[in-house]
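Here is what each chain is made of, one letter per residue.
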Amino acid sequence: MSAPLLRIQPGGLAARRAVLARRIRLLVAATITYNVIEAVVAITAGAAASSTALIGFGLDSVIEVSSAAAVAWQFAGRDPEAREKVALRIIAVSFFALAAYVTVESVRALAGDGEAEHSTVGLILAALSLLIMPVLSSAQRRAGRELGSRSAVADSKQTLLCTYLSAVLLVGLGLNSLFGWSWADPLAALVIAAVAVKEGREAWRGDTCCAVPVGGANSLTVQAEETDACGCRPGCSCCSGAAK
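Residues numbered from 1 in each chain as written. Predicted model: local features only at pLDDT ≥ 70, side-chain atom pairs only at ≥ 80, totals over all residues. Heavy atoms only, no water.

Draft legend 1. The arrangement of the overall build of the protein chain in detail. Looking only at helices and strands, the protein chain has seven helices and two strands in total. Tracing the protein chain from N to C terminus, the helices and strands come up as β-α-α-α-α-α-α-β-α. Considering the protein chain as a whole, with its 244 residues, one finds that 44% of them fall into the buried category. Sequence-distant contacts in the protein chain: of pairs separated by 6 or more residues, those separated by 24 or more amount to 79%. For the protein chain, the accessible area works out to roughly 11800 Å², and carbon and sulfur atoms hold 66% of it. (Helix = DSSP H or I, 4+ residues; strand = E, 2+ residues; numbered from the N terminus. Buried < 20%, exposed > 50% of the residue type's maximum accessible area, 1.4 Å probe, protein only. Contact = heavy atoms within 4.5 Å. Areas by Shrake-Rupley, 256 points an atom, 1.4 Å probe, with all protein chains shown as cover.)

Pasting the structure below:
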């Protein structure tokens, strides 16, 4: 026996889409605001401590702002879907740029190009980002999936990647401060670079696996058994993918 069908009334559908679009705009605005502050603090503290990890983290925040700004631009128009392809391209390029920078700086750090000093400000900033970014990412990812916005889902992954970089930065600065292990941060950052390339490729292709739109092309009827707890279609791995 098949699972019951979920039916959404046309009027309620339009209202729900409007709520989701507004929620995404607010989340993007919050992400941009936090990342601007994060970038200024990280780059300033990084320059003071000669820390390539902190400076790189600050530049990642700049890239995150560009990604969030692309989604903000998309949803500022009357027809967000018409702008989605361009927004996805911008997000994909930002992933590739981040991967390239992190790789270059990691190799330089591993080659012994300067040693970072202890940075209390950097440790606090990394800890705060580790707490704040997952919340913003999760909220935007849920709204993006329900609305069926590939760009919103892709940008939420960019925010989640910033969370991983926060963890890498925190561990790297901590190990460097406690034990003088300067190689720990750039080594872990290379793994982040690989993840960034993967996410960039998905954004460039416009992977809709995790986007289950409200009132999509299959009319207003959605088969309940077609999606899992995360709203993913069969064969997708959105839940595990969101936590990569």
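From this point, the discussion proceeds with the structure in view.
Draft legend 2. Spatial organisation of the environment of serine 151. Positionally, serine 151 belongs in helix 5 (residues 150–179). Here serine 151 falls in the buried class, since its relative accessible area comes to 0%. Discounting chain neighbours no more than four positions away, the residues touching serine 151 are Val71, Gln74, Phe75, Glu84, Ala87, Leu88 and Ile91.

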